[in-house]
Amino acid sequence: MINPVYYCDREHKTLKVDDIQDISELVTNKKNLLWIDLLDPTDQELQNIAEEFNFHHLAVEDAHSEHQRPKVDEYDDFYFVVFYSLQLNPDGGGVINHELDMFMGQNYLVTVHNKEIPALKEAGHRWEKNSSIMENDIGLLVYSILDTLVDNYFPVLDEIVERVE
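Scope of this entry: the structure provided in the associated data block. (Residues numbered from 1 in each chain as written. Predicted model: local features only at pLDDT ≥ 70, side-chain atom pairs only at ≥ 80, totals over all residues. Heavy atoms only, no water.)

1. Comments concerning the packing of helix H4 (residues 118–129) against helix H5 (residues 139–151)
At a closest axis distance of 9 Å, the pairing of H4 and H5 adopts a crossing angle of 135 degrees. Judged on the interaxial angle alone, H5 and H4 are oblique. Handedness of the H4/H5 crossing: right-handed. Two secondary-structure elements touch here, H4 through Ala-119, Leu-120, Glu-122, Ala-123, Arg-126 and Trp-127 and H5 through Leu-141, Ser-144, Ile-145, Asp-147, Thr-148, Leu-149 and Asp-151. Across the contact of H4 with H5, the residue classes break down as seven nonpolar, two polar and four charged. (Axes fitted to C-alpha atoms, helices over the stretch in contact; angles between N-to-C directions. Helix = DSSP H or I, 4+ residues; strand = E, 2+ residues; numbered from the N terminus. Parallel < 35°, antiparallel > 145°, perpendicular 65-115°, else oblique. Left-handed = near helix turned anticlockwise from the far one by under 90°. Contact = heavy atoms within 4.5 Å. Nonpolar A, V, L, I, M, F, W, Y, C, P; charged D, E, K, R; others polar.)

2. Remarks on the layout of surface pockets
The computed volume of the largest pocket comes to approximately 340 Å³. If you go around the largest pocket, you meet 16 residues; those closest to its centre are Val-5, Lys-16, Trp-35, Asp-37 and Lys-121. Within the residue set of the lining of the largest pocket, elements represented by two or more residues are strand S1 (2–8), strand S2 (13–16), strand S3 (32–39) and H4. The element contributing the most residues to the lining of the largest pocket is H4, with six residues. For the lining of the largest pocket, the residue count by class is seven nonpolar, four polar and five charged. (1 Å grid on protein atoms, 1.4 Å probe; cavity = no way out; pocket = protein on both sides within 12 Å on 5 of 7 lines; lining within 4 Å. Points joined across faces, edges and corners; volume = space filled by probe spheres on them.)

Right, here's the structure in full:
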């Protein structure tokens, strides 16, 4: 499922993109910031986005397969990052992790994940709330996502420490 979010610098607000065909026009204007969140994308959806942004086939292959190691790969026009969200299993045992793959360009972010990651919604709210201080790059959004994911590590670590003690 593709959930595009479009941020327009001129209006300092976030807007939803209804037609995926509008992405080409939006991303070419460097004043626009674009976040496309792919939740359990089909092969065709991932391929369409990869072609739109000219992603390297190895990065797309990594995003398509699960269980990648956390990493940052630098390509000519973008970075590919693999990160993990952690949460406690609500049934009482163990830790659940979800892979989050990110393609980051100067004015766009494409996130790919197979399960719902609550931290992404929280990061989206932070992004909307701080839209008036956004600059012409995607850094604040990436920071919000990574900060939220790491913040969610602490309750998991606390629980592990408590069990060990």
